[in-house]
Amino acid sequence: MADLRNNFVGIKSPNPFWLASAPPTDKAYNVERAFKAGWGGVVWKTLGEEGPPVVNVNGPRYGAIWGADRRLLGLNNIELITDRDLFTNLREMKQVKMNWPDRALIASIMVPCEEESWKAILPLVEETGADGIELNFGCPHGMSERGMGSAVGQVPEYIEMVVRWCKQYTRMPVITKLTPNITDIRKPARAAKAGGTDAVSLINTINSIVSVDLDNFAPNPTVGGKGSHGGYCGPAVKPIALNMVAEIARDPETYGLPISGIGGITTWRDAAEFLALGAGNVQVCTAAMTYGFKIVQEMISGLSDWMDEKGHRNLDDIVGRAVPNVSDWQYLNLNYIAKAKIDQDACIKCGRCYIACEDTSHQAITNMVDGVRHFEVMDEECVGCNLCVSVCPVENCITMEALPAGSLDKRTGKTVDPNYANWTTHPNNPMARQAAE
Ligand SMILES: Cc1cc2nc3c(=O)[nH]c(=O)nc-3n(C[C@H](O)[C@H](O)[C@H](O)COP(=O)(O)O)c2cc1C
């Protein structure tokens, strides 16, 4: 059996699946249920400083995007950090950590960007026995307008400064949670590293308006006739999160910095993809809010079965394995040539591949042959773009097939050479550089 035990910056958990800081981790009742269901760790819902608790809206807090089957694809929220009293949270955290010593319990914190505020809260958190802290520099709404959350996360100098204070005032490992609402994710990651962070976690939610109520002309969710931008998460954000994780994992300036991957993780496969792109573990929010805590059981068994099948003994065998294959565009092999192939037995003759190719791409698919509907790829026109695969409603009906080495592409007259531009030894590849040193 594959060993799923996780050691993330010295924080141990029985598996790499943590719940992200959000409503599922807002109180002991939920966290106890989560641990019973099998979650390896939790990042407690973000704590604010001592004082009157924050006040949330009492109307709808969430908006959503659904697929045609009503499956939730994207979730948008206008919630703030915890609206429970700081000391109630701290008391519950201490109790939960005592009850579940083998699980990871991380405190997420967001206080004003002043040294005194951080200095005051850190010993209180440390006293709970929490395994680490996560600095919430991510929330895009409500708190950022007050100079916290993504307002800090968008200014690398502030990140570095706050991380430095935290490293100075606590012995707990520091995980810096990054906002995706920024042009170049490497900049805040580098700043966090310069401040001495033990790890980064990403992504927090993405600024968004999920839809507009056209009867009232107001953004959803609408609270008393008005709406506000909120934070977007769930399956729809996974591609953005994966790219940001990979950008940090392959940046020579942050190479080796531990990453906790977050964003749209719903299945074991999603998690494995984050791990392969360099995440040391993963955090989940929307999937738990959509399907309940027991979803972790499928994540654990799925990851474990796949690892067994592939002969991966532990997480170290997979973490970062895809990073060397993430390349800048200019190093892609232009002499690698693939063509679409339509499985005539699987084809349902809907014609979607034809119309997409004919109207918008390369006119490389037949429609009528001898007066009969027949969809077939013409190799001399096909550029291998993959659009037909993307729009085909039948899985695996259209596949991309690489031409063998040495063969001639009928369209370009080029000879196929799959060994061109070997990224594994390219000087821009941090792993290759490290191996060479
Ligand atoms: C309702 C809601 C509340 C959230 N509150 C917090 C929070 O207090 N602190 C924080 O760091 N992230 C918060 N998040 C962001 C999540 O921790 C996570 O980064 C994000 O949802 C992406 O993961 P997912 O796609 O698995 O949901 C919240 C997300 C949701 C949906």
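Residues numbered from 1 in each chain as written. Predicted model: local features only at pLDDT ≥ 70, side-chain atom pairs only at ≥ 80, totals over all residues. Heavy atoms only, no water.

S.K.: Give a description of the domain arrangement of the protein chain that names residues and reports values.
M.R.: Entries for the protein chain in the domain assignment read domain 1 (6-318) and domain 2 (333-420). On a C-alpha basis, the centroid separation for the pair domain 1 and domain 2 is 41 Å. (Domains from an automatic or database assignment.)

S.K.: Run through the packing of helix α5 (residues 156-169) against helix α6 (residues 186-195), naming residues and quoting values.
M.R.: Geometrically, a packed helix pair is captured by the angle between its two axes and the distance between the axes. It is the contact of α5 with α6, at a shortest axis distance of 7 Å, that shows an interaxial angle of 30°. The orientation of α5 with respect to α6, classified from their angle, is roughly parallel. Both α5 and α6 take part in a crossing whose hand is right-handed. Every residue of α6 that contacts α5 at Pro 156, Ile 159, Glu 160, Val 163, Arg 164 and Lys 167 is listed here: Lys 187, Pro 188, Ala 191, Ala 192, Ala 194 and Gly 195. Residues belonging to the contact of α5 with α6 are distributed by class as follows: seven nonpolar, one polar and four charged. (Axes fitted to C-alpha atoms, helices over the stretch in contact; angles between N-to-C directions. Helix = DSSP H or I, 4+ residues; strand = E, 2+ residues; numbered from the N terminus. Parallel < 35°, antiparallel > 145°, perpendicular 65-115°, else oblique. Left-handed = near helix turned anticlockwise from the far one by under 90°. Contact = heavy atoms within 4.5 Å. Nonpolar A, V, L, I, M, F, W, Y, C, P; charged D, E, K, R; others polar.)

S.K.: Pulling in residues and values, what's your account of empty space enclosed by the protein?
M.R.: This structure, assessed with the given rule, holds four cavities of 30 Å³ or more. The computed volume of the largest cavity comes to approximately 400 Å³. Ser 21, Ala 22, Asn 204, Thr 205 and Cys 285 are the residues nearest the centre of the largest cavity, which is lined by 35 residues in total. Mapped by element, the contributors of at least two residues to the lining of the largest cavity are β4 (41-47), β6 (72-77), β8 (132-136), β14 (230-233), β16 (281-284) and α9 (286-291). Partitioning the lining of the largest cavity into residue classes produces 18 nonpolar, 13 polar and four charged. Listed by contribution, the elements that provide at least two residues to the lining of the second largest cavity are α11 (352-360) and α12 (387-391). Of the residues forming the lining of the second largest cavity, the biggest block, three residues, is contributed by α11. The residue inventory of the lining of the second largest cavity, partitioned by class, reads 13 nonpolar, four polar and no charged. (1 Å grid on protein atoms, 1.4 Å probe; cavity = no way out; pocket = protein on both sides within 12 Å on 5 of 7 lines; lining within 4 Å. Points joined across faces, edges and corners; volume = space filled by probe spheres on them.)

S.K.: Describe the pattern of salt bridges, naming the residues involved and giving the relevant values.
M.R.: What the rule picks out here adds up to 21 salt bridges. Among the salt bridges present, the one from Arg 103 reaches Asp 102, with a minimum N-O distance of 3.3 Å. Judged by its relative accessible area of 12%, Arg 103 is buried. Between Arg 186 and Asp 184 there is a salt bridge; the shortest N-O distance is 3.0 Å. Residues joined by salt bridges that share partners form a network here, namely Lys 45, Arg 61 and Glu 79. (Salt bridge = Lys/Arg side-chain N within 4 Å of Asp/Glu carboxyl O. Buried < 20%, exposed > 50% of the residue type's maximum accessible area, 1.4 Å probe, protein only.)

S.K.: Talk me through the sheet that holds β6; I want residue IDs and the actual numbers.
M.R.: An order of β5-β6-β14-β11 is seen for the four strands of this open sheet, with the pairing classed as antiparallel. One side of each edge strand has no neighbouring strand; the edge strands of this open sheet are β5 (62-66) and β11 (206-208). Neighbour-to-neighbour, the strand axes of the sheet open up by a mean angle of 35°, direction not taken into account. Alignment of β11 against β14, held across three bridges, turns out to be antiparallel. Each residue of the ladder has a partner; that of Ser 208, found in β14, is Gly 230. (Pairing = 2+ DSSP bridges.)

S.K.: Hey, could you go over a nonpolar patch on the surface for me, with residue numbers and the actual values?
M.R.: A contiguous nonpolar surface patch, about 460 Å² in accessible area, is contributed by Ile 209, Val 212, Leu 214 and Phe 217. Within the secondary structure, Ile 209 is located in the loop between β11 and β12 (211-213). (Patch = residues over 30% accessible without salt bridge, like charges linked within 9 Å, V, L, I, M, F, W, Y side chains within 5 Å. Areas by Shrake-Rupley, 256 points an atom, 1.4 Å probe, with all protein chains shown as cover.)

S.K.: I'd like a rundown of the layout of surface pockets, residues and numbers included.
M.R.: Reported here for the largest pocket is a volume of approximately 450 Å³. Lining of the largest pocket is provided by 23 residues; of these, Gly 278, Gly 280, Leu 315, Asp 316 and Val 319 occupy positions nearest its centre. Mapped by element, the contributors of at least two residues to the lining of the largest pocket are β1 (6-8) and β2 (11-13). At three residues, β1 tops the list of elements feeding residues into the lining of the largest pocket. Of the residues assigned to the lining of the largest pocket, the class counts are 11 nonpolar, eight polar and four charged. Approximately 310 Å³ is the volume found for the second largest pocket.

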